[in-house]
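# Close look at the chain arrangement
For reference, the chains in residue letters:
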Amino acid sequence: AEAAAAPGGGGCSPAGGGSVPVLFCFSVFARPSSVPHGAGYELLIQKFLSLYGDQIDMHRKFVVQLFAEEWSQYIDLPKGFLVSDRCKVRLVPLQIQMTTLGNLTPSSTVFFCCDMQERFRPAIKYFGDIISVGQRLLQGARLLGIPVIVTEQYPKGLGSTVQEIDLTGAKLVLPKTKFSMVLPEVEAALAEIPGVRSVVLFGVETHVCIQQTALELIGRGLEVHIVADATSSRSMMDRMFALERLARTGIIVTTSEAILLQLVADKEHPKFKEIQNLIKASAPESGLLSKV
């Protein structure tokens, strides 16, 4: 392991076996725990979240620091640090809070289409309307060259994505049983998209798969835009409270027209006319947005 390369190396005695004792400090708290020998930054962060997750504001930026005995103080965790000896680390929130601006550009955006399947048709409120808006969003994604990731919840029992939605050119169409779309295959697909920063998310159900997907995505540092006119549930109460909860976490609740026009940004954009035509072909008002 390369922990010894860090100034101070964390100090104290080498750990035996497959785990290393570590003291995790946050604010006024200090909790002893352990991590696998050779753990790095990501595992330390996961341990901090498991110990202090209810107290950590995910919309703050943090730095992890290591206590260096040769300096008798904390230093920023050295690049490439791996735990090999007993050590003490702390999580320090930076003073500047991150602001969710909600800017969208095609080059840093990916669309997530969640579980728009045939068996949901009779149960989901305003399903025909969200199909229409979802199809418009996917047409816009194709025009603007934006990657699309699609999931289907247990398609063996719930059917495939509805025929009205054209999945031509989708980067990934994946069956799932987990409610969240954040599967290993999806994470791998995101890793293949250079510079991805924002996810535009729509589908069903708002309070289950949409909510759990959104929370996992922001936990990974991505900005999430939920398209209110392309997202629904069986119960409008479930939908309403889910959108309110998600908005309070910093997730952006918006509309398909706002998304598409933000992505083109300028009347002189070469695809503006085609995007404008998509918007003009909007479905009639359904009352869905009055339930936000």
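Conventions we followed
The residue numbering used here restarts from 1 in each chain and proceeds along that chain's sequence as written. Where totals are concerned, whole chains, interfaces and linings use all residues; where local detail is concerned, this predicted model gives features only for residues with pLDDT of at least 70, and gives and counts side-chain atom pairs only at 80 or more. In computing side-chain values, all of the structure's heavy atoms are included and hydrogens and water are not. In this text, helices come from DSSP runs of H or I with a minimum length of four residues, and strands from runs of E with a minimum of two, each type numbered from the N-terminal end. The classification of residues rests on relative accessible area computed with a 1.4 Å probe and restricted to protein chains. Under 20% of the type maximum is buried, over 50% is exposed, and intermediate values are partly exposed. Polar contacts, as used here, are pairs of N or O atoms within 3.5 Å; protein pairs need one atom able to donate a hydrogen and one able to accept it. Residues neighboring in sequence count only if both atoms are side-chain atoms. Two strands make a pair as long as DSSP finds a minimum of two bridges between them. What counts as an axis is a line fitted to C-alpha atoms, over the stretch in contact for a helix, and the angles between N-to-C directions run from 0 to 180 degrees. Residues are treated as being in contact if the distance between any of their heavy atoms lies within 4.5 Å. Think of it as the arc spanned by the lines of direction from the helix axis to the C-beta atoms. Any two rings among Phe, Tyr and Trp, with Trp reduced to its six-membered ring, count as a pair given centres within 6.5 Å; such a pair is stacked if its planes are under 30 degrees apart, edge-to-face if over 60, and tilted if neither.

Per an unreviewed UniProt entry, the protein goes by the name Isochorismatase domain-containing protein 1 and belongs to Circaetus pectoralis.

With respect to the secondary-structure elements, Ser233 resides in the loop between β10 (223-232) and α6 (236-248). On the basis of relative accessibility, which here comes to 0%, the residue Ser233 falls in the buried class. A distance of 3.0 Å separates a polar side-chain atom of Ser233 from the backbone nitrogen of Thr206. A distance of 3.0 Å separates the side chain of Ser233 from the side chain of His207, its partner in a polar contact.

One open sheet accounts for six strands, arranged β8-β7-β6-β9-β10-β11; its pairing is parallel. Each end of this open sheet is capped by a strand with a single partner; those strands are β8 (172-176) and β11 (252-254). Averaged over all neighbouring strand pairs, the angle between strand axes comes to 20°, with direction disregarded. Taken strand by strand, helix α4 (residues 184-191) contacts β6 (109-114), β7 (148-153) and β8, and its axis lies near 160° from that of β8. The strands touched by α6 are β10 and β11; relative to β10, the strand with the most contacts, the crossing angle is about 165°.

Our next topic: helix α7 (residues 256-264). Two residues of an α-helix separated by three or four positions point the same way, owing to the 3.6 residues in each turn. Along α7, the residues classified as buried are Ser256, Ile259, Leu260, Leu263 and Val264. Here the buried residues of α7 occupy an arc of 125° about the axis, which is enough to place them on one side. Against β6, α2 (127-144), β9 (198-204), β10, β11 and α8 (272-280) lie the buried residues of α7. Just beyond α7, the residue with positive phi is Ala265, at close to 70°.

Before going further, it helps to spend a moment on the packing of aromatic side chains. Enumeration over the complete set of coordinates arrives at six aromatic pairs. Considering the side-chain rings of Phe24 and Phe48, the 5.0 Å spacing of their centres and the 85° angle between planes classify their relative orientation as edge-to-face. Of this pair, Phe24 sits in strand β1 (residues 19-26) while Phe48 sits in helix α1 (residues 41-52); the two residues are 24 residues apart in sequence, bridging distant segments of the chain. Ring centres of Phe26 and Phe62 lie 6.4 Å apart, and the angle between their planes is 55°; this geometry places the pair in the tilted category. With Phe26 in strand β1 and Phe62 in strand β3 (residues 60-68), this pair connects stretches of sequence that are 36 residues apart. Its relative accessible area of 8% is what places Phe26 among the buried residues. The class of Phe62 is partly exposed, set by a relative accessible area of 22%.

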